[in-house]
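# Summary of structural features
One letter stands for each residue in the lines below.
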Amino acid sequence: MARDSLPETLLRGEKAAWDAFVRRYGGLVVAAVRGVASVYGDVEDLTQDVFVRLCKDDFRLLRSYDPGRASLSTWITIVARSTARDAQRRRRIQGVPIDAVPESAFAVAPVEPVEKLRLPTDLLSPRQREILAMLYDREMEVAEIAAALQIDAQTVRSMHHKAMLKLRAHFGVGAQK
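About the cut-offs
- Residues numbered from 1 in each chain as written.
- Predicted model: local features only at pLDDT ≥ 70, side-chain atom pairs only at ≥ 80, totals over all residues.
- Heavy atoms only, no water.
- Helix = DSSP H or I, 4+ residues; strand = E, 2+ residues; numbered from the N terminus.
- Rg over C-alpha atoms; globule rule 2.2 N^0.38 Å.
- Buried < 20%, exposed > 50% of the residue type's maximum accessible area, 1.4 Å probe, protein only.
- Contact = heavy atoms within 4.5 Å.
- Areas by Shrake-Rupley, 256 points an atom, 1.4 Å probe, with all protein chains shown as cover.
- Phe/Tyr/Trp six-rings, centres within 6.5 Å; stacked < 30°, edge-to-face > 60°.
- Axes fitted to C-alpha atoms, helices over the stretch in contact; angles between N-to-C directions.
- Parallel < 35°, antiparallel > 145°, perpendicular 65-115°, else oblique.
- Nonpolar A, V, L, I, M, F, W, Y, C, P; charged D, E, K, R; others polar.
- pLDDT = per-residue confidence, 0-100.

Our focus in this paragraph is the overall build of the chain. Looking only at helices and strands, one finds seven helices and zero strands in the chain. Taken from the N to the C terminus, the helices and strands of the chain come in the order α-α-α-α-α-α-α. Relative to the compact-globule value of 16 Å for 177 residues, the chain shows a C-alpha radius of gyration of 32 Å, a clear excess of over 25%. Overall, the C-alpha framework of the chain stretches about 90 × 45 × 40 Å when taken along its three principal axes. The burial tally for the chain puts 26% of its 177 residues in the buried class. If you take every contact in the chain between residues at least 6 apart in sequence, the share linking residues at least 24 apart comes to 64%. Of the accessible surface of the chain, which amounts to about 12,600 Å², a share of 54% is contributed by carbon and sulfur atoms.

This brings us to the side chain of T47. As for its placement among the helices and strands, T47 is situated in helix 3 (residues 40-63). Residue T47 is classed as buried on the basis of its relative accessible area of 11%. Residues within four places of T47 in sequence aside, it is in contact with V29, V30 and V33.

Turning our attention to the packing of aromatic side chains. For the structure shown, the criterion picks out six aromatic pairs. Here the aromatic rings of F21 and Y25 are separated by 5.1 Å at their centres, their planes lie at 50°, and the arrangement is tilted. Of this pair, F21 and Y25 both sit in helix 2 (residues 15-34), four residues apart, which is roughly one turn of the helix. By relative accessible area, which is 5% here, Y25 ends up buried. Taken together, the ring pairs in this structure connect W18, F21, Y25, F51 and F59 into an aromatic cluster.

Our focus in this paragraph is the packing of helix 5 (residues 126-137) against helix 7 (residues 153-171). Where helix 5 meets helix 7, the closest approach of the two axes is 9 Å, and the angle between their N-to-C directions is 100°. Compared by their axis directions, helix 5 and helix 7 come out roughly perpendicular. Taken together, the residues of helix 7 that come into contact with helix 5 (itself represented by R127, Q128, I131, L132, L135 and Y136) are V156, M159, H160, K162, A163, M164, K166 and L167. Partitioning the contact of helix 5 with helix 7 into residue classes produces nine nonpolar, two polar and three charged.

Before going further, it helps to examine the confidence of the model for the chain. Regions with low pLDDT should not have their predicted coordinates read in detail. This prediction gives the chain a mean pLDDT of 85; 93% of its residues lie at or above 70. Confidence, read as mean pLDDT per element, is least for helix 1 (residues 8-11) in the chain (83) and greatest for helix 6 (residues 142-149) (94).

Structure below.
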């Protein structure tokens, strides 16, 4: 696109010319920025940063466009990607090499074993106790339990649900106040 595609009205900052410019090249800028930033909110912010950069300091960057070097679309794409990469670089959290971190920073407080909850003996049926033990003590999946007990997976889910209702009622968890 030739230099005369940047009318003096745009470079003087006239609103109608600027609005037409943004309408014409807005999609191009969004597409270029989206190639750098994946988060939608970042795309919006970076798109705005590109247009601010183009009109900053009395359109200094826009005035530097040279039609002999590239089309206006190509030039705007380069400016958009460059602006987006610079912004992403500034936002990036500075990392610290792991060797520079003192060993004490990696310390984890010891976890004390929790005493297993004792259930009233007559509260749950033997099958419900067995299913809870398989789910929570042995960390088995519903399908594994169903296969081991030779019952339907939905039966496992149903018995688990009924056992949990009994336990909640017994311990007063989730009771209406």
